[in-house]
Amino acid sequence: MIVFEYIAEALFYGFMILTFMGGFMAVRSKMLMHAVLGLAVSLFGVAGLYFHLGSPFLAMMQILIYVGAVCIMIVLGVMLGNTPDQLAAKNFMGRNMILAIVACATGFASLFVAISQTKFAPAAEKIGDMSIQFVGENLLFKYCLAFELISVVLLTAIIGAIILARGGREEKAS
Amino acid sequence: MISGNLNTYLIISAILLIIGLYGMLQHRSLIGMLISSEFILNGAALNFMAFNRFVAPNPAVGQIYTLFIMGIAAAEAAIVISIIIAVYRKYRSEDPEQVQDMKM
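Overview of the structure. (Residues numbered from 1 in each chain as written. Chains lettered and ligands numbered in written order. Predicted model: local features only at pLDDT ≥ 70, side-chain atom pairs only at ≥ 80, totals over all residues.)

**With respect to the interface of chain A and chain B**
The following threshold applies: Throughout, a residue-residue contact means that the two C-beta atoms, derived from backbone geometry, are no farther apart than 7 Å. Labels follow the DSSP assignment, with helices taken as runs of H or I lasting at least four residues and strands as runs of E lasting at least two, numbered in each case from the N terminus. Each residue is assigned to one of three groups, with Ala, Val, Leu, Ile, Met, Phe, Trp, Tyr, Cys and Pro labelled nonpolar, Asp, Glu, Lys and Arg labelled charged, and all others, Gly among them, labelled polar.
Between chain A and chain B, the contact holds 74 residues from the first and 63 residues from the second. Of all the elements in the fold, those that place two or more residues in the side of chain A that touches chain B are α1 (2-28), α2 (32-52), α3 (56-80), α5 (97-117), α6 (132-142) and α7 (144-173) of chain A. Sorting elements by how many residues they give to the side of chain A that touches chain B places α7(A) first, with 13 residues. When the residues that make up the side of chain A that touches chain B are grouped by side-chain class, the tally is 53 nonpolar, 16 polar and five charged.

Structure, rendered in structure tokens:
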């Protein structure tokens, strides 16, 4: 059975590399469509990390919601925007790159020091487990109000998106 | 076995946050900035999941919070895409430097 642990560890490295490579692809690519592809790859890697963290349910939700829905929506936005030919010349950044790298390196260094200096003590006792059943019970009893609020937020966002995207069309037609 | 260590996940999520920050600073289109914000949200969600697995007493809270982050991110993406469509109709451009004034 030790073989499976090694396979899981190798898969962990694979998902980690997938996450980082997707991220670099997303921020460094010249075309926006490649950036969305990098985002999808990176989110897939994060879904694998959720799997390693013991929550297959969230891994599946990550693939469904992020890789499925959000990336499709961003692709829609890319297609409605500029064409790739214009973007290839115009979009690529370059100004203030040194400053951005310095800012990011400073932020990462401070986060790294904070992470390595802090001692995180595990909880004395755990109640429940990581199962979907326990998540569902918590969601419907203890965190019921937050659950309802998030659905109201989603409904408001959908209505707002429709109104925002419609308003321009009516003005253009008149 | 680094996959059973809390600090590994924290550093991965820090790198995700930094990738998002870099993209937010460097991208020159609104959609590129939206993509970068997704990275920042994912770094936060991975952080919550890591603490949920290794530290938290109730192992459902982190998963619920991560689900909420996904919901917020979906709503945010829908709003931002519709704003980008409206801005593009108005300005024929999605360069943030051209749309920084609110005057029509």
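**Quick notes on the packing of helix α1 (residues 6-26) of chain B against helix α2 (residues 30-54) of chain B**
Residues and elements named next belong to chain B. Note the following rule: Between N-to-C directions, angles span 0 to 180 degrees; the directions come from axes that are lines fitted to C-alpha atoms, helices contributing only their stretch in contact. Any angle from 65 to 115 degrees is called roughly perpendicular, while one under 35 is roughly parallel, one over 145 is roughly antiparallel, and all others are oblique. Note on convention: near helix rotated counterclockwise from far helix by under a right angle means a left-handed crossing. Clockwise means right-handed.
Packing of α1 against α2 brings their axes to within 8 Å, and their N-to-C directions diverge by 165°. Of the possible angle classes, the one that applies to α1 and α2 is roughly antiparallel. α1 and α2 meet at a crossing whose hand is left-handed. Its residues assigned to classes, the contact of α1 with α2 comprises 16 nonpolar, nine polar and no charged.

**Some details on the nonpolar core**
Quick reminder of the rule: The nonpolar core is taken to be a set of buried Ala, Val, Leu, Ile, Met, Phe, Trp, Tyr and Cys residues joined by way of C-beta atoms within 7 Å. Here a residue counts as buried when 20 or more other C-beta atoms fall within 10 Å of its C-beta, as exposed when 12 or fewer do, and as partly exposed in between; the C-beta atoms come from the backbone. The start and end points of each domain follow an automatic or database-based domain assignment.
Within the largest apolar cluster, 61 residues are counted, with the highest numbers of intra-cluster contacts made by A:Val36, A:Ile74 and B:Leu46. Put simply, the parts of the chain that give this core at least two residues each are α1, α2, α3 and α7 of chain A together with α1, α2 and α3 (61-91) of chain B. Here the element with the most residues in this core is α2(B); it accounts for 12 residues. Residue-level mapping places this core at the junction of two domains, with at least three residues from each of domain 1 (1-88) and domain 2 (128-174) of chain A. When sequence neighbours within four positions are dropped, the list of residues in contact with A:Ile74 reads A:Val36, B:Ile31, B:Leu34, B:Ile35 and B:Ala77.

Functional significance is not addressed by these values, which are geometric in nature.
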